[in-house]
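# Structure assessment
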Amino acid sequence: MRKIFAIIAGIGLFALIVCGFKLHMNASIEKHAEGVRNHRTYERFWSRDVQKHIIKDNTLVIFGSSELTSINDMEEDISSFLNGDEMNVVTIGSGYFQSLSHAITLGAISDSITSKKVALFLSPQWFDANGTDADAFASRMSEDELLGFLNNPYISNEQKSYILDRTVTLLSESPTQLKRVQRYQNAHVNKLTFDTVYLKIMNQYWRYRSEFELYKQLNDVCDNIPSYDLAELDFDKILQQAEIQGREACTNNDFGIYNEYWDEYVEDEYKEGEVLEKNQIYIESPEYMDLDCFLDVANELEIEVLLVCIPVNERWYAYKGNLCDEYYNKIADVASEHENVTFIDMSDYANEKYFLKDVMHLGWKGWTRINERLYQEFTK
C-alpha cells in the first residue's frame, strides 16, 4: 500500500514541477514578448503557445516565406517600420513555408487573433507544377500546431480531413513523422480507439516541448526593437528613401538586382542570352488547392485575409522567357471567390526597379508600398 501511495505522490510531485515550470516559461516569454515577436526562428514559428503569448490586440500576423525579415533600423532596412503603438506585426514563415503549413498554424492560433485580420504573402514560386515539396514540408510542419488545428472546434471536419490527407501524403518519405500523424488521423476519424488517448498525450507533450525549445533561446532575444509613430509616417518620403537604398545596392546590372546576388546567381545565366520564346508559368499547381484551404479555414474562423500578390522581377523573368500574366489573373480569380479576402494586388509593380531586390524577394520599394497598404487595411 505504501508503494502505491509513494507512486501516486511521486506522480503528483512530478505534475506540480511540470506545471510550475510551464508557468515559469509563460512568464519569461511574456516578459520578453516584444523581442520574441521579432525573433525569427523555427522554434518560435512552431509553438502555438509562444505565438499566443506575443500576439496582442494591435498585432497583424503575416504569413509568408523567405521574403519575411526581422525588424531592424529603418535607415538600414526600409522594410522595418510597421512597429508602433497602434499596430505591430509578427511574421511567421521562412523559405519553404507555404499555404498548407500556414493553414495549420492559423487554425492553431486563431483564438489569439483578436483583430480578426491576417496577411498572407503569396510567392509565385509556390505555384510550380509540383506544389509543396515533400521534404521541405516535413522539415517545416509543426506537430504542435497540427494538434492545435485539430483541436479547434470552429474548423469543419472537411478542412481537417483535407489537411490530414495532404499531410500524410507529403510525409510519405518521413516515416517517423508519418506514423505519428497517421495515429492522429485515426484518432480524428475513430474516437473510440487507443489512438485517441495517444493524441491527447502527444497534444500535451508537443505543447510543452515546443514552448521549451523557444524558452532555451531567450538569451538570444533582442528586446530593442525600433518603434515609430505610424500615423505620422510620410510614405512618399519613405519611398524616396527606398529608391536611394535600391539604387545604391544595384550598380552592376539593369534588372534592379542587388550586386552580390547578381554576381553569385544571375550573371552567368545573363551571359547565355535572352530567351526569345516566351511561356506562361505557374498556371497549374496543387498549391491552388492548398491556398483555397487556407482561405476556407480563415473564413470558418471569421478571419479576414489580406492576400498580398507579390510579383516576380518581370524584367528578368521575361529575359529568361517566362511570363506570369495568367498566374496573376488566376490569383485574382481565387481572391474574388472568397468573401473574407481583401486582395492587395502588387502585380502592376512587376516592372518597377527596386520593388524586388533580386528575382523573387521583396525589395526596398516593394516593402514600402506593401507596408503602406497593410497599415491602411489594418487600421481602417
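Residues numbered from 1 in each chain as written. Predicted model: local features only at pLDDT ≥ 70, side-chain atom pairs only at ≥ 80, totals over all residues. Heavy atoms only, no water.

## Looking at the overall build of the chain
From N to C terminus, the chain includes 16 helices and 7 strands. For the chain, the C-alpha radius of gyration of 22 Å lies close to 21 Å, the compact-globule estimate for 380 residues. Considering only C-alpha atoms, the chain reaches an extent of 85 × 45 × 40 Å along its principal axes. Out of the 380 residues belonging to the chain, those deemed buried represent 54%. In the chain, the proportion of contacts linking residues at least 24 apart, taken out of those at least 6 apart, comes to 81%. When the accessible surface of the chain is summed, it comes to about 17,900 Å², and 51% of that surface belongs to carbon and sulfur atoms. Side chains of the chain give 36 positive and 63 negative charges; the mean places of these two sets differ by 9 Å. (Helix = DSSP H or I, 4+ residues; strand = E, 2+ residues; numbered from the N terminus. Rg over C-alpha atoms; globule rule 2.2 N^0.38 Å. Buried < 20%, exposed > 50% of the residue type's maximum accessible area, 1.4 Å probe, protein only. Contact = heavy atoms within 4.5 Å. Areas by Shrake-Rupley, 256 points an atom, 1.4 Å probe, with all protein chains shown as cover. Lys, Arg positive; Asp, Glu negative; His and termini not counted. Charge placed at Lys NZ, Arg CZ, Asp CG, Glu CD.)

## A look at the side chain of His361
With respect to the helices, strands and loops of the structure, His361 is situated in the loop between β7 (341-345) and α16 (364-379). Once you skip the residues sitting within four places of it in the chain, His361 turns out to touch Ser66, Glu67 and Leu356.

## Describing the packing of aromatic side chains
Evaluated as defined, the whole model comprises 27 aromatic pairs. For the pair Tyr354 and Trp364, a centre-to-centre distance of 6.2 Å together with 80° between the ring planes defines the contact as edge-to-face. A residue pair is termed long-range when its members are at least 10 positions apart, and Tyr354 in the loop between β7 and α16 and Trp364 in helix α16 qualify at 10 residues. Each of the two residues, Tyr354 as well as Trp364, counts as buried. Site record: aromatic cluster; members linked through ring pairs are Phe127, Tyr282, Tyr288, Tyr327 and Tyr328. Geometry around Tyr198 places Arg183 over its ring, the cationic atom sitting 3.8 Å from the centre. Between the NZ or CZ atom of Lys330 and the centre of the ring of Tyr288, over which it lies, the distance is 4.4 Å. (Phe/Tyr/Trp six-rings, centres within 6.5 Å; stacked < 30°, edge-to-face > 60°. Lys NZ or Arg CZ within 6 Å of the ring centre and 35° of its normal.)

## Describing unusual backbone geometry
One non-glycine residue, Lys116, lies in positive phi territory at about 60°. On the accessibility criterion, Lys116 (35% relative accessible area) is partly exposed. Although it is not a glycine, Tyr282 adopts a positive phi angle of roughly 65°. Counting through the fold element by element, Tyr282 comes out in the loop between β4 (279-280) and α13 (287-300). The class of Tyr282 is buried, set by a relative accessible area of 15%.

## Some remarks on the state of the cysteines
By the definition in use, this model includes 0 disulfides. Sulfur of Cys309: no disulfide; nearest cysteine sulfur belongs to Cys324 and is 9.3 Å away. (Disulfide = S-S within 2.5 Å.)

## Considering the environment of Ser112
Of note, Ser112 is situated in the loop between α5 (99-109) and β3 (117-122). Between the C-alpha atom of Ser112 and that of Gln51, which follows or precedes it by 61 residues, the distance is 8.3 Å. If sequence neighbours within four positions are ignored, Ser112 has contacts with Lys52 and Ile55.

## Considerations on the nonpolar core
Within the largest apolar cluster, 80 residues are counted, with the highest numbers of intra-cluster contacts made by Leu106 and Tyr184. Of the residues forming this core, the biggest block, 7 residues, is contributed by α13. Each residue touching Leu106, except ones within four places of it in the same chain, is listed here: Phe63, Ile113, Val118, Phe294, Val297, Ala298, Leu301 and Ile303. Formed by 34 residues, the second largest nonpolar core is a distinct cluster that contains Leu306, Phe355, Leu356 and Trp364. (Core = buried A, V, L, I, M, F, W, Y, C linked by side-chain atoms within 4.5 Å.)

## Focus: the side chain of Gln98
With respect to the secondary-structure elements, Gln98 resides in the loop between β2 (88-92) and α5. For Gln98, a relative accessible area of 8% translates into the label buried. A distance of 2.7 Å separates the side chain of Gln98 from the side chain of Glu287, its partner in a polar contact. (Polar contact = N/O pair within 3.5 Å; in protein donor to acceptor, adjacent residues only side chain to side chain.)

## Section: the pattern of salt bridges
Tallied over the entire structure, the rule returns 21 salt bridges. Put simply, Arg180 and Glu143 hold a salt bridge, and the shortest N to O gap is 2.5 Å. Placement of Arg180 in helix α9 (residues 175-189) and of Glu143 in helix α7 (residues 143-151) is noted, with a sequence separation of 37 residues between them. Comparing Arg180 with Glu143, the two get one shared label, buried. Glu352 is paired through a salt bridge with Lys365; the nearest N and O atoms lie 3.3 Å apart. Highlighted residues: Glu352 in the loop between β7 and α16 and Lys365 in helix α16, separated in sequence by 13 residues. Overall, the relative accessible area of 10% leaves Lys365 in the buried class. (Salt bridge = Lys/Arg side-chain N within 4 Å of Asp/Glu carboxyl O.)

## A short note on empty space enclosed by the protein
Tallying each qualifying case throughout the model produces 3 cavities of 30 Å³ or more. Put simply, the largest cavity is a space of about 130 Å³. Surrounding the largest cavity, 15 residues form its lining, Thr69, Ile71, Ser79, Val89 and Thr91 being those nearest its centre. For the lining of the largest cavity, the secondary-structure elements that each account for two or more residues are β2 and α16. Per element, the largest residue contribution to the lining of the largest cavity is 3 residues, and it comes from β2. Looking at the lining of the largest cavity, its residues break down into 7 nonpolar, 7 polar and 1 charged. Forming the boundary of the second largest cavity are 13 residues, of which Asn313, Ala350, Glu352, Phe355 and Leu356 lie nearest the centre. (1 Å grid on protein atoms, 1.4 Å probe; cavity = no way out; pocket = protein on both sides within 12 Å on 5 of 7 lines; lining within 4 Å. Points joined across faces, edges and corners; volume = space filled by probe spheres on them. Nonpolar A, V, L, I, M, F, W, Y, C, P; charged D, E, K, R; others polar.)

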